[in-house]
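Geometric and topological summary
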Amino acid sequence: MCRSSVWGDFMAKEWYIIQVFTGYEQKVEGTLNRMLASGEIDNNVLISVKNPTEVILVEDKNNKPKEKKQNLLPAYLMLEMDLPQLGWKDTCTKIRRIQGVSGFCMTKPMERPRPISASEARNIFEHAGDLKPGKKYRANFSIGDRVTITSGSFSGFEGVVETINEEKEKLVVIVHIFNRPTPVDISYDDVEKI
């Protein structure tokens, strides 16, 4: 079985979404877990596989309310991964070749997969009840990481992480403006690692 991440620090790695054929969610999840257990996929790269579900109330044949689990993301699975800069193709190719997998979302077949944002992952897990709303998560950044700012007035600038404020979910990134180092206070969701 794969090692499960602890929800308190569920953002320690990045979350990716794969599209699967409708009705294949559990089969693909089982195949990925077997591949992890056998060592066919490195469990340091693919950390865990999640098929988020929610509980809904339906009426049974006697018109009595009954709880039923249903997929929160039908035809999709979430993968917690720590994709290396080099060698990512091997793992991603193995995943793409599993029967029932269409590919990684938001990514062309031969491109490096793109993770979903921290806020998107948090929203999914809060909706599924796996994470309490408002619970903080651990930063996926380290001091000294090179990042690109993806939104706001500094969008497109590259810089280096100087400080991390996990309480406010913000970073201070040093960017160079007119050849001068300038600190920029920015949210986790507005930067990507280079």
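Whatever comes next refers back to the structure up there.
These figures come from a predicted structure and were not determined experimentally.

1. Here's the deal with the sheet that holds strand β6 (residues 101-104)
Taking strand neighbours across the sheet as the criterion, the four strands line up as β2-β5-β1-β6 in an open arrangement whose pairing is antiparallel. Each having just a single partner strand, β2 (46-50) and β6 make up the two edges of the open sheet. In this sheet, adjacent strand axes meet at a mean angle of 30° when their direction is disregarded. Relative to strand β5 (residues 76-81), strand β1 (residues 14-20) runs antiparallel, the two sharing six bridges. Across the sheet, residue Glu-14 finds its bridge partner in β5, namely Met-81.

2. A closer look at the side chain of Asp-145
Note on placement: Asp-145 falls in the loop between α3 (118-128) and β7 (146-149). In this structure Asp-145 comes out as buried when scored by relative accessible area, which is 18%. A distance of 2.8 Å separates the side chain of Asp-145 from the backbone nitrogen of Ser-142, its partner in a polar contact.

3. As for the packing of aromatic side chains
What the rule picks out here adds up to two aromatic pairs. Arranged with centres 5.6 Å apart and planes meeting at 80°, the rings of Phe-21 and Tyr-24 form a pair that is edge-to-face. With relative accessibility at 42%, the residue Phe-21 sits in the partly exposed group. Take Tyr-24: its relative accessible area is 26%, and that puts it in the partly exposed class.

4. Thoughts on α3
In an α-helix, one turn spans 3.6 residues; hence positions three or four apart end up facing the same way. Taken together, the buried positions of α3 are occupied by Ala-118, Ser-119, Ala-121, Arg-122, Ile-124, Phe-125 and Ala-128. Positive backbone phi, approximately 85°, marks Gly-129, located one or two places after α3.

5. Observations regarding helix α1 (residues 25-38)
Look at α1: 20 Å from first C-alpha to last across 14 residues, which is about the 20 Å you get at 1.5 Å a residue. Those residues of α1 not exposed but buried are Glu-25, Val-28, Glu-29, Thr-31, Leu-32, Asn-33, Met-35 and Leu-36. Elements in contact with the buried residues of α1: β1, β2, β4 (65-71), β5, α2 (88-96) and β6. Just downstream of α1, Gly-39 is the residue with a positive phi angle, here 85°.

6. Some points on the nonpolar core
The biggest cluster of nonpolar side chains holds 21 residues, and the ones touching the most others in it are Ile-18, Leu-32, Leu-79 and Met-81. Of all the elements in the fold, those that place two or more residues in this core are β1, α1, β2, β5, α2 and β6. With four residues, α1 is the single largest residue contributor to this core. Beyond its immediate stretch of four places on either side in the chain, Ile-18 contacts Val-28, Leu-32, Ala-75, Tyr-76, Leu-77, Leu-79, Ile-95, Val-101, Gly-103, Phe-104 and Cys-105.

7. What about the sheet that holds β7?
Within a sheet, neighbouring strands are paired by backbone hydrogen bonds and run either parallel or antiparallel to one another. One open sheet holds the five strands; their spatial order is β10-β9-β8-β7-β11, and the pairing between them is antiparallel. Each end of this open sheet is capped by a strand with a single partner; those strands are β10 (180-187) and β11 (191-193). Averaged over all adjacent pairs, the angle separating strand axes in this sheet is 45°, with direction ignored.

What counts and what doesn't
Residues numbered from 1 in each chain as written. Predicted model: local features only at pLDDT ≥ 70, side-chain atom pairs only at ≥ 80, totals over all residues. Heavy atoms only, no water. Pairing = 2+ DSSP bridges. Helix = DSSP H or I, 4+ residues; strand = E, 2+ residues; numbered from the N terminus. Axes fitted to C-alpha atoms, helices over the stretch in contact; angles between N-to-C directions. Buried < 20%, exposed > 50% of the residue type's maximum accessible area, 1.4 Å probe, protein only. Polar contact = N/O pair within 3.5 Å; in protein donor to acceptor, adjacent residues only side chain to side chain. Phe/Tyr/Trp six-rings, centres within 6.5 Å; stacked < 30°, edge-to-face > 60°. Expected span 1.5 Å × (residues − 1). Contact = heavy atoms within 4.5 Å. Core = buried A, V, L, I, M, F, W, Y, C linked by side-chain atoms within 4.5 Å.

Interpretation note: all reported values are geometric properties and have no functional meaning in isolation.
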